[in-house]
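Letter by letter, the chains look like this.
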Amino acid sequence: MNEALPTLDDPTSERAPRRILPVALVVIVVAGLAVSAWHPHAGTTWFLETVWVLIGLPLTVLYRRRFPLTNLLYCLLAAHALVLAVGGHYTYAQVPLGDWVRDGLGLDRNPYDRFGHLMQGFVPAVLVRELLSRTSPLRGSRWLAPLTVCACLAFSAVFEMFEWAAAVIGGHAADDFLATQGDAWDTQWDMFCALIGATVSVLVLSRLHDRQLGALSGAGALRGRGDHSGGGQ
């Protein structure tokens with residue numbers, strides 16, 4: 001009887017909730033990608049916008065057991081994937097929700113592109129922070145926050161170079177991917193939005209993230225202790 005009831009010291013009691021959420025998020029993201037790939041505005045634009053998901057999702061699944069992430073990061077990555085899927089389906093300049101916001105607030109452009117670049121800083125900030133906290137001596141360091149923001153800004157700059165290369169290669173065919181909407185300062189605005197997103201993410205989510213990192217470390221230690229004791233039987 002006692003063997004059938006997990007105790008607080010039983011590592012399996014900590015694993016079940018962590019197994020369910022990633023699987024559910026993978027199902028949601030795959031479904032979102034499938035819907036967005038159904039008759040998109042432009043197939044090439046869809047691929048360029050969602051390629052990060054097409055690469056990142058398999059890697060996350062592949063390394064889920066070897067390098068599990070916090071639930072916070074799993075949720076943020078899934079949300080970002082859906083944002084990219086929507087932008088890829090409609091193109092960022094023509095997302096209907098952005099049109100409604102533009103018309104309702106009297107804006108001169110569809111703001112979904114700005115929102116996408118805010119997410120480009122907000123979500124990667126947690127990813128970079130988690131990787132640095134777990135694979136470098138920076139956990140608890142005062143340098144963790146500024147280096148996280150700098151890494152996100154650097155990624156945003158690299159992405160703008162990627163867009164520039166697409167424009168040089170594709171010419172006007174890349175207009176949907178660039179989504180500048182006639183703004184000569186669109187590149188600068190994109191990087192600024194990513195900077196704002198990363199900064200807000202670090203300021204707002206760091207405490208919650210640290211708690212989940214601590215719980216993840218504790219669960220890993222507990223699992224290791226369980227595996228060790230099981231191997232000795």
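Only a predicted model underlies this, so the values are computations on that prediction, with no experimental measurement involved.

Caption draft 1: Seen up close, the overall build of the protein. For the protein, the helix and strand inventory stands at eight helices and zero strands. Sequence-ordered secondary structure for the protein, helices as α and strands as β, is α-α-α-α-α-α-α-α. By residue count, 36% of the 233 residues in the protein fall in the buried class. For the protein, the proportion of contacts with a sequence separation of at least 24, taken over those separated by at least 6, is 75%.

Caption draft 2: Structural view of a nonpolar patch on the surface. Residues Leu118, Trp185, Trp189, Phe192, Ile196, Val200, Leu203 and Val204 make up a contiguous nonpolar surface patch of about 820 Å² in total accessible area. With six residues, helix 8 (residues 186-231) is the single largest residue contributor to the nonpolar patch. Here Val204 is to be found in helix 8. Of the residues examined, Val204 reaches a relative accessible area of 56% and is grouped as exposed.

Caption draft 3: Representation of the pattern of salt bridges within the structure. Evaluated as defined, the whole model comprises eight salt bridges. As a salt-bridge pair, Asp99 and Arg102 come within 3.2 Å of each other at their nearest N and O atoms. One end of the pair is Asp99 and the other is Arg102, both in helix 4 (residues 96-105) and three residues apart, which spans about a single turn. For Arg109, the salt bridge is made with Asp186, and the minimal N-O distance between the two is 3.4 Å.

Caption draft 4: Geometry of the nonpolar core. Grouped together as the largest cluster of nonpolar side chains are 23 residues, with contacts concentrated most on Val29, Leu33, Val53, Leu76 and Val126. Broken down by secondary-structure element, the contributors of at least two residues to this core are helix 1 (12-36), helix 2 (43-62), helix 3 (71-90) and helix 5 (112-135). When residues no more than four places from it in sequence are discounted, the contact partners of Val53 are Val29, Leu33, Pro58, Ala81 and Leu84. Residues Ala125, Val149, Ala198 and Val202 belong to the second largest nonpolar core, which totals six residues.

Caption draft 5: Up close: the packing of aromatic side chains. In the structure shown here, the tally under the stated rule is seven aromatic pairs. Ring geometry for Trp52 against Phe155: centres 5.8 Å apart, planes inclined by 75°, an arrangement best described as edge-to-face. Here Trp52, found in helix 2, pairs with Phe155, found in helix 6 (residues 144-170); they are 103 residues apart in sequence, far enough to count as distant. Residue classification places Trp52 among the partly exposed positions, given a relative accessible area of 36%.

Caption draft 6: Local environment of helix 2. Under the 1.5 Å per step criterion, the end-to-end length of helix 2 is 27 Å for 20 residues, consistent within 8% with the ideal 28 Å. At Thr50, helix 2 shows its largest kink, close to 55°. Taken as a whole, helix 2 has its buried residues at Thr45, Trp46, Leu48, Glu49, Thr50, Val51, Val53 and Leu57.

Caption draft 7: Summary view of helix 3. Helix length check: helix 3 (20 residues) gives 29 Å between terminal C-alpha atoms against 28 Å at 1.5 Å per residue, within 8%. Two residues or fewer past helix 3, Thr91 is found with a positive phi of approximately 75°.

Caption draft 8: Quick peek at the packing of helix 3 against helix 5. Between helix 3 and helix 5, the least distance of the axes is 10 Å, while the angle of their chain directions is 155°. When the axis of helix 3 is compared with that of helix 5, the two are roughly antiparallel. In the packing of helix 3 onto helix 5, the handedness of the crossing is left-handed. Only Tyr112, Phe115, Gly116, Met119, Gln120, Phe122, Val123, Pro124, Val126, Leu127 and Glu130 of helix 5 make contact with helix 3, whose side of the interface consists of Leu72, Leu73, Leu76, Leu77, Ala79, His80, Val83, Val86 and Gly87.

Caption draft 9: A look at the environment of Gly214. With respect to the secondary-structure elements, Gly214 resides in helix 8. Gly214 sits 144 residues away from Thr70 along the chain, and the two C-alpha atoms are 9.7 Å apart.

Caption draft 10: A look at unusual backbone geometry. Even without being a glycine, His39 presents a positive backbone phi close to 50°. As for its position among the elements, His39 is in the loop between helix 1 and helix 2. Classification of His39 as exposed rests on a relative accessible area of 62%. The residue Thr91 is not glycine, and still its phi comes out positive at about 75°. Tracing the sequence through the fold places Thr91 in the loop between helix 3 and helix 4.

Cut-off values and rules
Residues numbered from 1 in each chain as written. Predicted model: local features only at pLDDT ≥ 70, side-chain atom pairs only at ≥ 80, totals over all residues. Heavy atoms only, no water. Helix = DSSP H or I, 4+ residues; strand = E, 2+ residues; numbered from the N terminus. Buried < 20%, exposed > 50% of the residue type's maximum accessible area, 1.4 Å probe, protein only. Contact = heavy atoms within 4.5 Å. Patch = residues over 30% accessible without salt bridge, like charges linked within 9 Å, V, L, I, M, F, W, Y side chains within 5 Å. Areas by Shrake-Rupley, 256 points an atom, 1.4 Å probe, with all protein chains shown as cover. Salt bridge = Lys/Arg side-chain N within 4 Å of Asp/Glu carboxyl O. Core = buried A, V, L, I, M, F, W, Y, C linked by side-chain atoms within 4.5 Å. Phe/Tyr/Trp six-rings, centres within 6.5 Å; stacked < 30°, edge-to-face > 60°. Expected span 1.5 Å × (residues − 1). Bend = angle between axes of the 7 residues up to and from the residue. Axes fitted to C-alpha atoms, helices over the stretch in contact; angles between N-to-C directions. Parallel < 35°, antiparallel > 145°, perpendicular 65-115°, else oblique. Left-handed = near helix turned anticlockwise from the far one by under 90°.

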